[in-house]
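Chains, contacts and geometry: an overview
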Amino acid sequence: MKYEDLSKKIIDGVGGKENVNSVVHCTTRLRFKLKDEGAAKTDRLKTTDGVITVVQSGGQYQVVIGNHVADVYDDLIKVGGFQDGGAVPDDYGEKSDMNLLDRFIDLVSGIFTPILGPLCAAGMIKGFTAMFVALGWISSTSGSYLILHAIGDAFFYFLPVILGYTSANKFKVDKFVGMAIGAILCYPDIVAINSSKTILYTLFKGTFFASQIHTTFFGIPVIMMNYTSSVIPIILAVWFASHIEKWARKVIPDVVKTFLVPFITLIVTLPVTFIVIGPIATWLSTAISDVTVAIYNFSPVFAGLLMGAFWQVFVMFGLHWGFVAVMLTNIASKGYDPIVVLSFAASFAQTGVVLAMTLQTKNEKTRSIGIPAVISGIFGVTEPAIYGLSLPRKRPFVLSCIAAAVGGGILGFFGTKAYVNGGLGIFAFPSYINSASGINMAFYGSIIAAVVGAALGFILQILFGKNYVDIEPAAEGVPSDAPAKSANPVAEAATVESSTTTAFNKATTLASPLSGKIIPLNEIEDKVFASRAMGKGVAIEPTQGIVYAPADGEVILAFPTGHAVGLKTTDDAELLMHIGMDTVNLEGRGFEMLVKQGDQVKAGTPLVKFNIEEIKAAGYSVVTPLVITNSKNYHTVKVITDKNEVDHNETLLALS
């Protein structure tokens, strides 16, 4: 399995298999439901090779992987041995630790995530078909059009059937009962009633709720609605069915449950849906659509600026799911959506910024992330760009939001609308073609917005973001009290780099200041040094008790207790050498400081003597971090020896 090792690390990072309630995946993320998110090792996961970042939102623990998430998921479920081949049920329930917004996000994402792929595919086919007609490539009366339109439109027409399945999975209802409810809502004879010329009478005449009655159910008037392509009615109907089914399972004997439970569920749910739930849900859908469109109509440009500016933030926190529901509601109710389309330029703005970063960087790792992030961004998948590059460096992300806002304003100005929920990125263009009017300025507006968003993002990054490209993102997960004076005085005293440093020093090398065994910095016990919060570097477990100057320079830190010494080399590298873990508590016992602050020293000059055996006898480790405290002034800090042990005069680190 290609991702076996990564899968093991992820499973360990989320707290082990026993801490996983469910796991699914979307375009770029593994989405876990954990029993206890506090048991997850979030900081470790964020620094794991192959993991871009971790997001906790909407009751989900999301591990962002990137475009190859499906392959990682396949190996993950094999390594973890999750039941049903990894299709672990996505439990739905009222959880006391989830607020109302989190529950809503959890509900909507759980229902729509499984169908996003085919939903977008169907939308793309429908959009391309409309484009072919608009360009005169096929006739709307031809067999080619009929078949292509059916392939694209059928998914949306029978959307209640599909949502019946996913809603049943979410609400813990028999999945085929959920599909049956959706199928009945789309049943041809039921659909035909809504357009029947036979009108018995009109209910609520003269109000927003005025409804023509075409038929009754045992004398009860049925307010018939068109449920094809609808969203809210089927979700509410399946939710209601979940309560009926739960009650039926309790009261019906086991010997006849197999057929009587679905019988009771259907015979109760459907009449209630047609008489009560359906009309109310449809009115609610119409109201939501009218409100969002009214806000849009107040100022399309202003709405575009806001949606464009904040869309990427919405996506980060999972809040975009609410807009997805509104979009589908608008398309079902009005035939178009003017709201979510305003976010269209965001992916191109992010792509433009990351393209500029890729050209600006001198760091090979940044470039290796940037190139595939640009490619995926063109197709509308921006998580690798956001979490891997722009967001950790802050300013590039802000610049992308500014460019996206301008793109959103352009979309609002041209009145661009989405007529289907199509693909992402460049595949979304056909979604903006009105099959009735064909290609018009609203469609051309989407092209202009995409080009402007990408170009503006690129230009803003070139002009205002260059100095932020190769700044190493700050380490996360370091305890807030880590540098407290009472616990570790050297941590505060040795923080000599500036968080706003943007200039890069010239490349240089440093000899090892100690003789001993080389240990990766992230494997030592001290969390402050291991997290690289103090800077990048390496650690050495010394075999001799002398610290030597690794290069010519000036002593800038000389603790009286002798347990730490700092040096600024003539090439402006700033190095902290901290002898042992928590050895400040020895108050100088076992240490002899040979220099004082301000001394000029040559490479190889002895700086500190220390007694290894005495320090160990007192119960302290002598593992010594060697940290470049101004790491942000360098693109890379790396060990350049292949040996496991080093002598004090051997070249150890390359700073470039």
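All values derive from a computational prediction rather than experimental measurement.

Of all the 5 residues making up strand β4 (residues 60-64), 5 are buried; the element is thus mostly covered by neighbouring parts of the structure. Residues of β4 alternate between two faces, with Gln60, Gln62 and Val64 on one and Tyr61 and Val63 on the opposite face, all of them buried. Here strand β2 (residues 29-34) runs beside β4; their pairing, made up of 4 bridges, is antiparallel. Bridge pairing in β4 places Phe32 opposite Tyr61. Taken together, the 5 bridges between strand β3 (residues 53-57) and β4 define a ladder with antiparallel strand orientation. Bridging across to β4, Thr53 finds its partner in Val64.

With that out of the way, let us pick up the environment of Glu614. With respect to the element layout, Glu614 can be found in helix α21 (residues 612-617). In this structure Glu614 comes out as partly exposed when scored by relative accessible area, which is 38%. Expressed as a C-alpha distance, the spacing of Glu614 and Arg589, which sit 25 residues apart in the sequence, is 8.3 Å. When sequence neighbours within four positions are dropped, the list of residues in contact with Glu614 reads Arg589 and Gly590.

To continue, consider the packing of helix α7 (residues 159-171) against helix α10 (residues 232-251). In a pair of packed helices, the angle between the axes and the distance between the axes together describe the arrangement. At a closest axis distance of 9 Å, the pairing of α7 and α10 adopts a crossing angle of 40 degrees. One finds that α7 runs oblique with respect to α10. You can see that α7 and α10 cross each other, and the crossing is right-handed. Across the interface between the two elements, Pro160, Leu163, Gly164, Ser167, Ala168 and Phe171 of α7 pack against Ile234, Ile235, Val238, Trp239 and Ser242 of α10. Looking at side-chain class alone, the contact of α7 with α10 contains 8 nonpolar, 3 polar and no charged residues.

Together, Val301, Phe302, Leu305, Leu306, Phe310 and Phe413 give the surface a local cluster of nonpolar side chains, amounting to about 580 Å² of exposed area. Considering every element that reaches the nonpolar patch, the biggest residue donor is helix α12 (residues 300-316), with 5 residues. You can see Phe413 is positioned in helix α17 (residues 395-414). Relative accessible area serves as the criterion here: at 62%, Phe413 is assigned to the exposed category.

Moving on, we come to unusual backbone geometry. Backbone geometry places Lys172, a non-glycine residue, at a positive phi of 65 degrees. Examined against the element boundaries, Lys172 turns out to sit in the loop between α7 and α8 (175-185). Overall, the relative accessible area of 37% leaves Lys172 in the partly exposed class. Despite not being glycine, Asp572 has its phi angle at roughly 75 degrees, a positive value. By the secondary structure assignment, Asp572 is in the loop between β14 (564-569) and β15 (574-578). Taking relative accessible area as the criterion, Asp572 reaches 37% and is therefore assigned partly exposed.

In this structure, Gln312 sits in helix α12. For Gln312, the side chain forms a polar contact with the side chain of Gln350, separated by 2.5 Å. Polar side-chain contacts of Gln312 include one of 3.2 Å to the side chain of Ser400. The contact partners of Gln312, leaving out residues within four places of it in the chain, are Ala346, Gln350, Ile386, Phe397, Ser400, Cys401 and Ala404.

Another point: the sheet that holds strand β22 (residues 651-655). Here we have 3 strands laid out as an open sheet, ordered β9-β22-β20, and antiparallel in their pairing. Each edge of the open sheet is held by one strand with a lone partner, namely β9 (508-511) and β20 (637-639). Across the sheet, the mean angle separating the axes of adjacent strands is 25 degrees when strand polarity is ignored. Relative to β22, β20 is paired through 3 bridges, and the arrangement is antiparallel. Along β22, the bridge assignment pairs Val639 with Leu653.

Here we take up the environment of Val313. With respect to the secondary-structure elements, Val313 resides in helix α12. Each C-alpha atom of the pair Val313 and Cys401 lies 8.8 Å from the other, and the pair is 88 residues apart in sequence.

A few words now on the sheet that holds strand β13 (residues 553-558). Strand order in the open sheet made by the 8 strands is β17-β13-β14-β15-β19-β11-β10-β21, with antiparallel pairing throughout. With one partner strand each, in any of the chains shown, β17 (600-601) and β21 (645-646) form the two edges of the open sheet. Bridge analysis of strand β10 (residues 516-519) against strand β11 (residues 536-542) gives 4 bridges, and the strand direction is antiparallel. Bridge pairing in β11 places Lys517 opposite Glu541.

It is worth spelling out helix α15 (residues 364-378) at this point. Taking 1.5 Å per residue, 15 residues should reach 21 Å; α15 reaches 22 Å between its end C-alpha atoms and fits that length. Just past α15, the residue Gly380 takes up positive phi, approximately 90 degrees.

Moving on: the pattern of salt bridges. Evaluation of the coordinates by the stated rule reveals 10 salt bridges. Lys334 is the partner of Asp290 in a salt bridge, and the nearest nitrogen-oxygen pair spans 2.6 Å. One end of the pair, Asp290, is in helix α11 (residues 257-298); the other, Lys334, is in helix α13 (residues 320-334), with 44 residues separating them in the sequence. With a shortest N-O distance of 2.6 Å, Lys643 and Glu650 are connected by a salt bridge. A relative accessible area of 44% places Lys643 in the partly exposed class. Several salt bridges share partner residues, and in doing so they unite Asp12, Lys41 and Arg44 into one network.

How each quantity is defined
Residue numbers run consecutively from 1 along every chain, following the written order of its sequence. Reporting of local features is limited, given that this is a predicted model, to residues whose pLDDT is at least 70; pairs of side-chain atoms are given and counted only at 80 or more, and all residues count toward the totals for whole chains, interfaces and linings. Excluded from the side-chain calculation are hydrogens and water; included are all heavy atoms of the structure. Here the term buried applies to any residue with accessible area under 20% of the maximum for its type, exposed to any over 50%, and partly exposed to those in between, with areas from a 1.4 Å probe on protein chains only. Strands are runs of DSSP state E lasting at least 2 residues, helices are runs of H or I lasting at least 4, and numbering of each runs from the N terminus. When DSSP locates at least two bridges between a pair of strands, those strands are taken to pair. Contact criterion: two residues are considered in contact whenever any of their non-hydrogen atoms come within 4.5 Å of each other. Between N-to-C directions, angles cover 0 to 180 degrees, with each direction set by a line fitted to C-alpha atoms, over the stretch in contact for helices. Here the angle decides the label: under 35 degrees means roughly parallel, over 145 means roughly antiparallel, 65 to 115 means roughly perpendicular, and every other value means oblique. Note on convention: near helix rotated counterclockwise from far helix by under a right angle means a left-handed crossing. Clockwise means right-handed. The classification used treats Ala, Val, Leu, Ile, Met, Phe, Trp, Tyr, Cys and Pro as nonpolar, Asp, Glu, Lys and Arg as charged, and all other residues, Gly among them, as polar. Two distance rules govern patches: like charges are joined within 9 Å, and nonpolar side chains (Val, Leu, Ile, Met, Phe, Trp, Tyr) within 5 Å, applied only to residues with over 30% relative accessible area and no salt bridge. Calculation of accessible area relied on Shrake-Rupley with a 1.4 Å probe; when residues are assessed, cover is drawn exclusively from the protein chains displayed. Any carboxyl oxygen of Asp or Glu within 4 Å of a side-chain nitrogen of Lys or Arg constitutes a salt bridge here. For this analysis, a polar contact is any N or O atom pair within 3.5 Å, provided that within protein one partner can donate a hydrogen and the other can accept it, and provided that sequence-adjacent residues contribute only side-chain to side-chain pairs. Helices are assigned an expected span. That span is 1.5 Å times one less than the residue count.

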